[in-house]
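Each chain, written out:
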Amino acid sequence: MNLRASILLVAFGSLMFAQDPTTVPLWPSGAPGALGNDDSDKPTLTIYLPFEKPEKVTGVVVCPGGGYGMLADNHEGRQVANWLNSLGIAAFVLK
């Protein structure tokens with residue numbers, strides 16, 4: 001198996017260890033000091049829980065890089081959360 005196939009297998013395999021994520025707004029009535037109503041003006045927390053949850057599970061807050069104009073939420077958010085779920089760790093991705 002070549003390196004590319006191995007990476008794809010790990011990436012897609014980690015999806016089997018996670019439930020569907022849930023996104024919740026941090027301020028349902030609007031963030032304090034927000035200057036607009038665009039999606040980027042609405043902070044959220046996306047919750048990624050592993051399928052098998054022991055009674056006590058570790059959780060990690062994931063803060064993807066980027067800035068106000070662009071957020072690296074796929075490769076520094078969702079993919080990291082899926083990897084953490086494959087280890088049995090809950091992940092909370094901040095936007």
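Below is a summary of the structure that appears in this document. Remember, predicted model here, so these are calculated numbers, not experimental data.

1. A few points about a nonpolar patch on the surface
- On the surface, a nonpolar cluster with roughly 360 Å² of combined accessible area is contributed by Leu26, Trp27, Val61 and Leu94.
- Mapped onto the secondary structure, leucine 94 falls in strand 4 (residues 90–94).

2. A few points about the sheet that holds strand 4
- The four strands are arranged 1-2-4-3 in an open sheet whose pairing can be described as mixed. The open sheet has two free edges, formed respectively by strand 1 (22–25) and strand 3 (59–62), since each of these has just one partner strand. In this sheet, neighbouring strand axes are inclined to one another by 20° on average, regardless of whether the strands run parallel or antiparallel.
- As defined by bridge partners, strand 2 (residues 44–48) adjoins strand 4 across four bridges and the pair is classed as antiparallel. Its bridge partner lying in strand 4, threonine 46 is registered against valine 93.
- Each of strand 2, strand 3 and strand 4 touches helix 2 (residues 74–86); the most contacted strand, strand 4, lies at about 170° to it.

3. Digging into the environment of phenylalanine 51
- Counting through the fold element by element, phenylalanine 51 comes out in the loop between strand 2 and strand 3.
- Owing to a relative accessible area of 48%, phenylalanine 51 belongs among the partly exposed residues under this scheme.
- Each C-alpha atom, one on phenylalanine 51 and one on serine 86, is 9.0 Å from the other, the two residues being 35 residues apart in sequence.

4. Some thoughts on the nonpolar core
- With seven residues, the main nonpolar core is built from Tyr48, Val62, Ala81, Leu84, Ile89, Ala91 and Val93.
- At the level of elements, helix 2 and strand 4 are the ones that each hand at least two residues to this core.

So, how was this worked out
Residues numbered from 1 in each chain as written. Predicted model: local features only at pLDDT ≥ 70, side-chain atom pairs only at ≥ 80, totals over all residues. Heavy atoms only, no water. Patch = residues over 30% accessible without salt bridge, like charges linked within 9 Å, V, L, I, M, F, W, Y side chains within 5 Å. Areas by Shrake-Rupley, 256 points an atom, 1.4 Å probe, with all protein chains shown as cover. Salt bridge = Lys/Arg side-chain N within 4 Å of Asp/Glu carboxyl O. Helix = DSSP H or I, 4+ residues; strand = E, 2+ residues; numbered from the N terminus. Pairing = 2+ DSSP bridges. Axes fitted to C-alpha atoms, helices over the stretch in contact; angles between N-to-C directions. Contact = heavy atoms within 4.5 Å. Buried < 20%, exposed > 50% of the residue type's maximum accessible area, 1.4 Å probe, protein only. Core = buried A, V, L, I, M, F, W, Y, C linked by side-chain atoms within 4.5 Å.

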